[in-house]
There are 4 protein chains.
Amino acid sequence: MSEVAPRIVVWNENVHESRGDATVIGHYPDGMHAVIAAALHELLPGAEVGTATLQEPEHGLTAERLAQTDVLFWWGHAAHDEVADEVVERVVDAVHAGMGLVVLHSGHYSKPFKRLMGTTCSLKWRNDGQDRELVWAIAPDHPIAQGVPHPIVIDQQEMYGEFFDIPRADEEVFLSTFTGGEVFRSGVAYRRGLGRVFYFSPGDQEYPVYHHPDVQRVLANAAQWAAPVSERRELTADPHPRGWFTTDGAGTQGV
Amino acid sequence: MSEVAPRIVVWNENVHESRGDATVIGHYPDGMHAVIAAALHELLPGAEVGTATLQEPEHGLTAERLAQTDVLFWWGHAAHDEVADEVVERVVDAVHAGMGLVVLHSGHYSKPFKRLMGTTCSLKWRNDGQDRELVWAIAPDHPIAQGVPHPIVIDQQEMYGEFFDIPRADEEVFLSTFTGGEVFRSGVAYRRGLGRVFYFSPGDQEYPVYHHPDVQRVLANAAQWAAPVSERRELTADPHPRGWFTTDGAGTQGV
Amino acid sequence: MSEVAPRIVVWNENVHESRGDATVIGHYPDGMHAVIAAALHELLPGAEVGTATLQEPEHGLTAERLAQTDVLFWWGHAAHDEVADEVVERVVDAVHAGMGLVVLHSGHYSKPFKRLMGTTCSLKWRNDGQDRELVWAIAPDHPIAQGVPHPIVIDQQEMYGEFFDIPRADEEVFLSTFTGGEVFRSGVAYRRGLGRVFYFSPGDQEYPVYHHPDVQRVLANAAQWAAPVSERRELTADPHPRGWFTTDGAGTQGV
Amino acid sequence: MSEVAPRIVVWNENVHESRGDATVIGHYPDGMHAVIAAALHELLPGAEVGTATLQEPEHGLTAERLAQTDVLFWWGHAAHDEVADEVVERVVDAVHAGMGLVVLHSGHYSKPFKRLMGTTCSLKWRNDGQDRELVWAIAPDHPIAQGVPHPIVIDQQEMYGEFFDIPRADEEVFLSTFTGGEVFRSGVAYRRGLGRVFYFSPGDQEYPVYHHPDVQRVLANAAQWAAPVSERRELTADPHPRGWFTTDGAGTQGV
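Thresholds applied
- Numbers given to residues run from 1 along each chain, matching the order in which its sequence is written.
- The order in which chains are written sets their letters, starting at A; the order in which ligands are written sets their numbers, starting at 1.
- At least 70 in pLDDT is required for a residue's local features to be given in this predicted model, at least 80 for side-chain atom pairs to be given and counted, and no such filter applies to totals for whole chains, interfaces and linings, which use all residues.
- Side-chain descriptors were evaluated using all non-hydrogen atoms of the structure, hydrogens and water having been removed beforehand.
- To superpose the copies, least squares is applied to the C-alpha atoms of every residue with a pLDDT of at least 70 in both.
- Here a residue-residue contact requires only that any non-hydrogen atoms of the pair lie within 4.5 Å.
- In this text, helices come from DSSP runs of H or I with a minimum length of four residues, and strands from runs of E with a minimum of two, each type numbered from the N-terminal end.
- Any helix carries an expected span of 1.5 Å times its number of residues minus one.
- Here the buried area means the combined drop in accessible surface, using a 1.4 Å probe, for two parts upon being joined, counting both sides.
- One speaks of a salt bridge when a side-chain nitrogen belonging to Lys or Arg is within 4 Å of a carboxyl oxygen belonging to Asp or Glu.
- Polar contacts, as counted here, are pairs of nitrogen or oxygen atoms within 3.5 Å of one another; within protein the pair requires one atom able to donate a hydrogen and one able to accept it, and residues that are adjacent in sequence qualify only if both atoms are side-chain atoms.
- Ten residues, namely Ala, Val, Leu, Ile, Met, Phe, Trp, Tyr, Cys and Pro, are considered nonpolar, four, namely Asp, Glu, Lys and Arg, are considered charged, and the remaining ones, Gly among them, are considered polar.
- We treat two strands as partners when DSSP finds at least two bridges between them.
- Partly exposed residues are those whose accessible area sits between 20% and 50% of the maximum for their type, while under 20% is buried and over 50% is exposed, using a 1.4 Å probe and protein chains only.
- UniProt positions are given in the numbering used here, feature names are shortened, and annotations may be inferred rather than shown by experiment.
- A fitted line through C-alpha atoms serves as each axis, taken over the contacting stretch for helices, and the angle formed by two N-to-C directions is quoted from 0 to 180°.
- Relative orientations are named as follows: roughly parallel for angles under 35 degrees, roughly antiparallel for angles over 145 degrees, roughly perpendicular for angles from 65 to 115 degrees, and oblique for any other angle.
- Crossing handedness: left-handed means the near helix sits turned counterclockwise from the far one by under a right angle, and right-handed means the same turn made clockwise.
- Disulfides are defined as pairs of cysteine sulfur atoms found within 2.5 Å of each other.
- A pair of aromatic rings is counted whenever rings of Phe, Tyr or Trp (Trp by its six-membered ring) have centres within 6.5 Å, and the orientation is called stacked for planes under 30 degrees apart, edge-to-face for over 60 and tilted otherwise.

1. Topic: the relation of the copies chain A and chain B
Link 1 in the chain: Superposing chain A onto chain B takes a rotation of 180 degrees combined with a translation of 0.0 Å along the rotation axis, leaving an RMSD of 0.0 Å. The transformation just described matches what one would write down for a two-fold rotation axis. Looking at the rotation axis and the C-alpha trace of chain A, the residue lying nearest is Gly118(A), at 2.7 Å.
Link 2 in the chain: Most of the interface of chain A is mirrored in chain B, where 100% of its interface residues are also at the interface.

Here is the structure:
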């Protein structure tokens, strides 16, 4: 519980890297998570930044670890189905209790994101190497949009286009356009339970997107935005006796 | 696909009634679903209205039947866990493809609703027989709020109170207050995939709420609102070739 | 009060046309309002469609006429300041009482729109003849997005880009992209009082945008969507005596 | 520009007090503004807190003063019409450029609030001395709801009830109920231009509401929330040349 120095875990399925995809390894020799974690470490002095991957026991996301995590980043693409349902429920429960979650790129189809959105999270796509992505802020005072140009220019990116089947965002921060003319809601923020969820679409594995300083700044901003503001706690269905709040104010309480 | 005469199925877990709860049977001798279905039949001439219960094979919600259902009503309370996950996924998929869903009262904790909301759906409650519920419309031009007084007065109801852990509603239609002073977002509307979801909280089994003409009017309005406006179809992640939409407009398409 | 056959008035400042702009007159020899009105007349059988212009007494918008208008379209650009404040207040009051308003293109800077939005309504723009506009629906089941391709392709249009200083929309229907890479929230819907407001940005006077059949379809859809659903009435600050709603339901009332 | 120590001006029409209303003077011998300002001063160490009233030249809100104000509080009731339009436009412009505005109680009908909302801001009311107001947070992680009980109990208050004709809030923070059974959206947050607006309804002049510690805490939270996060600047309609953002990133800029 700290906006000043959140405890962050960057989770990566680490499949393209560990299974020998030369392009991805070229961009991320130690895995995408290593580059993201290093950027967060640099941009958020004082933050504790660790990593976790699919290949670790319990995917590196034990109950103990999640209990010590303020903000979890999630990158997955090729192995969504390999993520154990038990871990997914654990992540979802942690978000409901207050943990922040930042979902990246093809993580739109990850189990935790779909569980938290309640929609199909489907979209349109194209990856022919010819699309430049421009990321436009439409919420100029939003903390996640601070310190970056308008637009952010990403020279090469996979196209993600509408219709993107997500719930109406609580806050719509970024819209992206692509060389081919498509549009995409690329930065959307939600509350789920006591936790905050931010989805940010730039980050295809075939391009060095997470080396881009503006993208790194957005991720650091998102970590600070998503960090919990109160103690983590479970939301339950509680009976309230009549007049519980009126006894000298003694019965009043937090939400 | 018809706003004029939707095909409706009223699903009820039918547990209080079938397991011998005298109070509930007193209000609903043939089950709550029978009273709701009769009201919809009367208020929506031309609509096809059927029922289904937990006790039927596949809970009465086979793939064939859901494919022929425009709007599904859902009442559950004591047996959420007895609903088969396979049927839940089927219902969720149908909503994503366009089916309307109207969730009632303690259905806030049903599996389909929690899956579609992505939150805990927890709330506060009290049932001591002393609460009158007043249902206030705060969206006066909303189709679900037409034809009912402001407020709707329900002489006896269980108290449901905030904090209600739901996503921000796409449309907030009703707020309720209770004799004890509590407040509740009692009528909230969402889009999920191509389907519409409406949650309406009045309807505890211990009071004859579904005999109330204003409540019946709200349910009929909700059925019309939730009915799909286009053919049901699956939302998928489709590749879009460059320039797909520019060939004489031939490539353009529905969302 | 009729969704079936709304009474529509298309208001146009009619300045480019009446002051001799050859390009605009080329597209719209009888004024832009004539083309829009003809399209609405054709697409909405039964609707009464009239026009009004800045040059008429009271700009053609007398109290009597507004009282008989279900939906007002508004196109203005060069002469926002010439619109009398008294007429503006009359239009705003009519919207508050239930009249629909559809604001087009450079009408983003019109007095009625700014009054109803409460923001500056500023935006970025470019008009060098080289932008194609693509209009993407992101609310696929919205009535205003029915019957048009995805995207709508407008071969030439002025670029309108973000940041567009509008309030968060109640419903975000369309997003546009331009050849230059910009993005714009081009179709946004609001409730203001008992009235509905839709802003649709395509329609620069230098291009024949209102001859485009898909644009015409959007305008017809918008007219139906914006038509009032109840009798027009003034919203006032009313005192409510204690228990006003409990006397045999006699005190309950519409919102 | 400071969340740490905002420069605050508490504006009060000061009419009940200055024109001899004994009840109000009893609660607020030096004016309501004095009590509010003292509370903010105490709860926000480092903040500069001043006051201004209707009776001062330019109502105490010169251009120079507004330029040095991060957050303006506004209480008005009996003399909305006496506020000069020129000052109203100045306040609205300052909000658009980034100044925060916190509107209190009967300020719902003030000129600046109505200008910024674009609706009638009408509501229902009753003041017979018999209503207790309960203020419930429905956004538990919202910064304005921190540090107060759930609900806040205000022993006596005027009833403000729905339908409250405001635009859909960007963030709905508080809902209030009253002894008479009514409900009201009592804490609603908006962005307008680059500025933030918060409306908080408790505070009728006949009761000592602004002496209530929980109410004071909400006001202090609101001041921090509404304080600008960037330099104040005017939003204008700017032309953007083709490719303005692509020249080595040199053309990119803040929103």
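2. Looking at helix H3 (residues 32-43) of chain C
Link 1 in the chain: Taking 1.5 Å of rise per residue, twelve residues should cover 16 Å, and H3(C) covers 17 Å from first to last C-alpha, within 8% of that figure.
Link 2 in the chain: As for H3(C), its buried residues are in contact with strand E1 (7-12), helix H1 (15-18), strand E2 (48-53), strand E3 (71-75), strand E4 (100-104) and helix H7 (213-226) of chain C.

3. Looking at the interface of chain A and chain B
Accessible area lost upon the coming together of the parts is a frequently used measure of interface size.
Link 1 in the chain: Of the residues lining the interface, 38 residues belong to chain A; the matching set on chain B comes to 38 residues.
Link 2 in the chain: When residues of chain A are sorted by the area they lose upon contact with chain B, Lys124(A), Trp125(A) and Arg242(A) head the list and together hold 20% of the total.
Link 3 in the chain: At the junction of chain A with chain B, the criterion picks out six salt bridges.
Link 4 in the chain: The salt bridge partner of Asp238(A) is Lys124(B), with a shortest N-O separation of 2.6 Å.
Link 5 in the chain: Taken together, the links from chain A to chain B amount to 24 residue pairs in polar contact (both at pLDDT 80 or more).
Link 6 in the chain: The class makeup of the residues in the side of chain A that touches chain B is 15 nonpolar, eleven polar and twelve charged.
Link 7 in the chain: Direction of pairing for strand E5 (residues 124-126) of chain A relative to strand E12 (residues 238-239) of chain B: parallel, over a ladder of two bridges. Across the sheet, the residue bridging to Trp125(A) is Pro239(B), located in E12(B).

4. Brief notes about the environment of Asp85(A)
All names here are of chain A.
Link 1 in the chain: Checked against the element boundaries, Asp85 lands in helix H5 (residues 85-96).
Link 2 in the chain: With relative accessibility at 52%, the residue Asp85 sits in the exposed group.
Link 3 in the chain: When the C-alpha atoms of Asp85 and Lys111 are compared, they prove to be 8.1 Å apart, with 26 residues separating the residues in sequence.
Link 4 in the chain: Separated by 2.8 Å, the side chains of Asp85 and Lys111 make a polar contact.

5. Topic: the UniProt feature "domain: ThuA-like" (unreviewed entry) in chain A
Link 1 in the chain: The positions that UniProt labels "domain: ThuA-like" (unreviewed entry) are, in the present scheme, residues 37-226 of chain A.
Link 2 in the chain: The span residues 37-226 of chain A is 24% helical and 28% strand by assignment, and the distance between its end C-alpha atoms comes to 16 Å.

6. Points about the sheet that holds strand E9 (residues 171-178) of chain D
Residue and element names in this part refer to chain D.
Link 1 in the chain: A sheet is described by the order of its strands in space; here nine strands give the open sequence E2-E1-E3-E4-E11-E10-E9-E6-E7, paired in mixed fashion. Edge positions in the open sheet fall to strand E2 (48-53) and strand E7 (152-154), since each of these has one partner strand only. The sheet shows a mean angle of 20 degrees between the axes of neighbouring strands, direction not considered.
Link 2 in the chain: Of the strands in this sheet, strand E3 (71-75), strand E4 (100-104), strand E10 (183-192) and strand E11 (195-200) touch helix H5 (residues 85-96), which is tilted by about 115 degrees from E11.

7. Brief notes about the packing of helix H3 (residues 32-43) of chain D against helix H7 (residues 213-226) of chain D
Each packed pair of helices is defined by two parameters, the angle between the axes and the distance between the axes.
All names here are of chain D.
Link 1 in the chain: Close contact between H3 and H7 brings their axes to 9 Å; oriented N to C, the two are set at 70 degrees. In this view, H3 runs roughly perpendicular relative to H7, as classed from their interaxial angle. Once H3 is placed against H7, the crossing between them reads as right-handed. Residue-level inspection shows Ile36, Ala39, Leu40 and Leu43 of H3 in contact with H7, the latter providing Gln216, Arg217, Leu219 and Ala220.
Link 2 in the chain: Looking at the contact of H3 with H7, its residues break down into six nonpolar, one polar and one charged.

8. Notes on the sheet that holds strand E1 (residues 7-12) of chain B
Residues and elements named next belong to chain B.
Link 1 in the chain: Reading across the sheet, the nine strands line up as E2-E1-E3-E4-E11-E10-E9-E6-E7 and stay open at both edges, with mixed pairing between neighbours. This sheet does not close on itself; its edge strands, each paired only once, are strand E2 (48-53) and strand E7 (152-154). Here the average twist between neighbouring strands, direction ignored, is 20 degrees.
Link 2 in the chain: Here three bridges tie strand E6 (residues 133-137) to E7, and the two strands are oriented antiparallel to one another. By the bridge assignment, Glu133 is partnered in E7 with Ile154.

9. Describing the pattern of salt bridges
Link 1 in the chain: In this structure the tally under the stated criterion is 60 salt bridges over all chains.
Link 2 in the chain: Here Arg7(B) ties to Asp70(B) by a salt bridge, and the two come within 3.1 Å at their closest N and O atoms. Of this pair, Arg7(B) sits in strand E1 while Asp70(B) sits in the loop between helix H4 (63-67) and strand E3 (71-75), placing them 63 residues apart in sequence.
Link 3 in the chain: Using a relative accessible area of 22% as the deciding quantity, one classes Arg7(B) as partly exposed.
Link 4 in the chain: Since its relative accessible area comes to 1%, Asp70(B) is described here as buried.
Link 5 in the chain: For Glu162(C), the salt bridge goes to Arg185(C), with nearest N and O atoms at 2.9 Å.

10. Examining unusual backbone geometry
Link 1 in the chain: Note the cis peptide between His150(A) and Pro151(A), where omega equals 5 degrees.
Link 2 in the chain: Even without being a glycine, His105(A) presents a positive backbone phi close to 45 degrees.
Link 3 in the chain: The residue His105(A) is located in the loop between strand E4 (100-104) and helix H6 (111-117) in this model.
Link 4 in the chain: Classification of His105(A) by relative accessible area gives buried; the value is 0%.
Link 5 in the chain: Its identity as a non-glycine residue notwithstanding, Asn14(B) has a phi of 60 degrees, on the positive side.
Link 6 in the chain: Looking at where Asn14(B) falls in the secondary structure, it is placed in the loop between E1 and helix H1 (15-18).

11. Quick word on the pairing of strand E10 (residues 183-192) of chain C
Residues and elements named next belong to chain C.
Link 1 in the chain: For E10, the tally of buried residues reaches ten of ten residues, placing the bulk of the element in the interior.
Link 2 in the chain: In this structure, strand E9 (residues 171-178) lies alongside E10, joined through five bridges in antiparallel fashion. Its bridge partner being in E10, Thr177 is matched across the sheet by Val183.
Link 3 in the chain: The antiparallel pairing of E9 with E10 creates a hairpin that spans four residues between the two strands, and Gly181 there sits at a positive phi of about 100 degrees.
Link 4 in the chain: Joining the antiparallel neighbours E10 and strand E11 (residues 195-200) is a turn of two residues, in which Gly193 adopts a positive phi near 65 degrees.

12. Quick notes on the state of the cysteines
Each disulfide consists of a covalent bond between the sulfur atoms of two cysteine residues.
Link 1 in the chain: Scanning the entire structure with this criterion turns up zero disulfides over all chains.
Link 2 in the chain: Here Cys121(B) stays free of any disulfide, with the sulfur of Cys121(A) as its closest cysteine sulfur at 16 Å.
Link 3 in the chain: Taking relative accessible area as the criterion, Cys121(B) reaches 0% and is therefore assigned buried.

13. A word on H5(D)
Residue and element names in this part refer to chain D.
Link 1 in the chain: The first and last C-alpha atoms of H5 sit 16 Å apart over twelve residues, in line with the 16 Å expected at 1.5 Å per residue.
Link 2 in the chain: Along H5, the residues classified as buried are Val87, Val88, Arg90, Val91, Val92, Ala94, Val95 and His96.
Link 3 in the chain: Tucked into the core, H5 has its buried residues touching helix H4 (63-67), E3, E4, helix H6 (111-117), E10 and E11.

14. Brief notes about the side chain of Ser186(A)
Residue and element names in this part refer to chain A.
Link 1 in the chain: Within the element layout of this structure, Ser186 appears in strand E10 (residues 183-192).
Link 2 in the chain: Here Ser176 takes part through its side chain, which lies 2.8 Å from a polar atom of the side chain of Ser186.
Link 3 in the chain: Ignoring sequence-local partners within four residues, the contact set of Ser186 consists of Glu133, Val135, Phe174, Leu175, Ser176, Tyr199, Phe200, Ser201 and Pro202.

15. Details of the packing of aromatic side chains
Residues and elements named next belong to chain C.
Link 1 in the chain: Under the criterion given, the structure shown has 48 aromatic pairs over all chains.
Link 2 in the chain: Taking 5.6 Å as the distance between ring centres and 50 degrees as the angle between the ring planes, the aromatic pair formed by Phe164 and Tyr199 counts as tilted. Here Tyr199 lies in strand E11 and Phe164 lies in the loop between strand E8 (159-161) and E9, a separation of 35 residues in the sequence.
Link 3 in the chain: Given the relative accessible area of 0%, Phe164 is considered buried.
Link 4 in the chain: With a relative accessible area of 0%, Tyr199 lands in the buried category.
Link 5 in the chain: Judged by centre distance (6.2 Å) and plane angle (20 degrees), the rings of Phe198 and Phe200 are stacked.

16. Concerning the environment of Arg126(A)
Link 1 in the chain: Locating Arg126(A) in the fold gives a position in strand E5.
Link 2 in the chain: Since its relative accessible area comes to 5%, Arg126(A) is described here as buried.
Link 3 in the chain: Setting aside residues up to four positions removed in sequence, Arg126(A) forms contacts with Asp131(A), Glu158(A), Met159(A), Gly180(A), Glu182(A), His240(B), Pro241(B), Arg242(B) and Trp244(B).
Link 4 in the chain: At a separation of 3.1 Å, a polar atom in the side chain of Arg126(A) contacts the side chain of Asp131(A).

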